[in-house]
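The primary structure of each chain is shown beneath.
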Amino acid sequence: MKESELAFWQKTARHYTRSMDRSAPLYAAVCERIRPHLSRDMNVLELACGTGQLSFPLSPYVRLWEATDAAPAMIQEAKKRIGSSRLHFSVQDAAHLPYAPESFDAVVIANALHILPEPDRVLREIQRVLKPGGWLFAPTFVHGGGRLARLRTWCMERTGFHVYHRWNAGEFVSYLSMHDFWVVEHALLGGRVLPLCCAACRWTPAEQITAQSRSEGRLHGRYPGTGLGTAE
């Protein structure tokens, strides 16, 4: 994240929780989508947690919820609120995480991928710290199209908020799929002006996919990836 953008979030943090009150129904809908996939034996990492809009309602349902944000002021504000003993906040750079490989059963990154200049780097870090088959929950605002949506984005950018990727829902799902995330389900939430694509994905390393494909090819008497049967 650029220094100017980090400064924006630092400045915004003091009023962020109150400003998000108007989005409470949307965040509640996101929680309803994520909650069924959580269990008490899961360790979850949240990136770009803000002041805990998802952290507080979802952390009681897992073993550990590690909520992180690049802006220290956001974490300071989050720590002022009372939450579950399973919830821990810390300042972290999503592109350079300190956690060991395969540390988490799930990763949550809400409304952040579209405002990151290099989201690919963050996805690679997510893959590194996720256990094979782990969940990625990536509710993300997508481009709604139309004059009003463009005007809203323009107004937001005048305040220092920058959108790098104006995906529509289909493009966002394809983007996740191209990075080896199997999109199990996705739904559009919110209104037409600022729709949110709530995507739930599983991650399977490429080498496991290749091994599975070869195994299935032998099982069905086929050359992997060719669609051809074995030679007589």
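Not measured: the values here are computed from a predicted model.

A. The state of the cysteines, seen in detail. The final tally for this structure, using the stated rule, is zero disulfides. Looking at the unpaired cysteine 31, the closest cysteine sulfur is the one in cysteine 198, lying at 9.2 Å. A disulfide-free cysteine, cysteine 201 has its sulfur positioned 8.8 Å from the sulfur of cysteine 197, the nearest such atom.

B. Here's a closer look at the packing of aromatic side chains. One pass over the full model with this rule turns up seven aromatic pairs. Aromatic pair tryptophan 9 and tyrosine 16: ring centres 6.2 Å apart, planes at 80°, arrangement edge-to-face. When its relative accessible area of 16% is taken as the criterion, tryptophan 9 is described as buried. Ring geometry for tryptophan 135 and phenylalanine 137: centres 5.5 Å apart, planes at 5°, overall stacked. According to the relative accessible area criterion, tryptophan 135 is buried, its value standing at 11%. Clustering of aromatic rings is evident, with ring pairs tying together Phe8, Trp9 and Tyr16.

C. Seen up close, helix α1 (residues 3-19). Here α1 is 17 residues long and its end C-alpha atoms lie 23 Å apart, about the 24 Å a rise of 1.5 Å per residue gives. Within α1, the axis deviates most sharply at alanine 13, by approximately 65°. Of the residues making up α1, those classed as buried are Glu5, Phe8, Trp9, Ala13 and Tyr16. Where α1 is buried, its residues meet α2 (24-34) and α4 (72-79).

D. Highlighting the pairing of strand β1 (residues 43-47). Most of β1 sits inside the fold, with five of its five residues counted as buried. Burial along β1 is two-sided: Asn43, Leu45 and Leu47 facing one way and Val44 and Glu46 facing the other are all buried. In the sheet, β1 pairs with strand β4 (residues 104-109) via four bridges, with the strands oriented parallel. Looking at the pairing, leucine 47 lines up with isoleucine 109 of β4.

E. Up close: empty space enclosed by the protein. As enumerated under the stated definition, the model contains two cavities of 30 Å³ or more in all. The volume enclosed by the second largest cavity comes to roughly 40 Å³. Arg33, Ile34, His37, Phe137, Glu185, Cys198, Ala199 and Ala200 together form the lining of the second largest cavity. If you list the elements that add at least two residues to the lining of the second largest cavity, you get α2 and β8 (196-203). The leading source of residues in the lining of the second largest cavity is β8, at three residues. Looking at the lining of the second largest cavity residue by residue, the classes come out as five nonpolar, one polar and two charged.

F. Spotlight on unusual backbone geometry. The residue asparagine 111 is not glycine, and still its phi comes out positive at about 55°. Structurally, asparagine 111 can be placed in the loop between β4 and α5 (119-129). A relative accessible area of 13% places asparagine 111 in the buried class. Of note in the backbone geometry, aspartate 180 takes a positive phi value of approximately 70° without being a glycine. Here aspartate 180 is to be found in the loop between α7 (169-178) and β7 (181-189).

So, how was this worked out
Residues numbered from 1 in each chain as written. Predicted model: local features only at pLDDT ≥ 70, side-chain atom pairs only at ≥ 80, totals over all residues. Heavy atoms only, no water. Disulfide = S-S within 2.5 Å. Phe/Tyr/Trp six-rings, centres within 6.5 Å; stacked < 30°, edge-to-face > 60°. Buried < 20%, exposed > 50% of the residue type's maximum accessible area, 1.4 Å probe, protein only. Helix = DSSP H or I, 4+ residues; strand = E, 2+ residues; numbered from the N terminus. Expected span 1.5 Å × (residues − 1). Bend = angle between axes of the 7 residues up to and from the residue. Contact = heavy atoms within 4.5 Å. Pairing = 2+ DSSP bridges. 1 Å grid on protein atoms, 1.4 Å probe; cavity = no way out; pocket = protein on both sides within 12 Å on 5 of 7 lines; lining within 4 Å. Points joined across faces, edges and corners; volume = space filled by probe spheres on them. Nonpolar A, V, L, I, M, F, W, Y, C, P; charged D, E, K, R; others polar.

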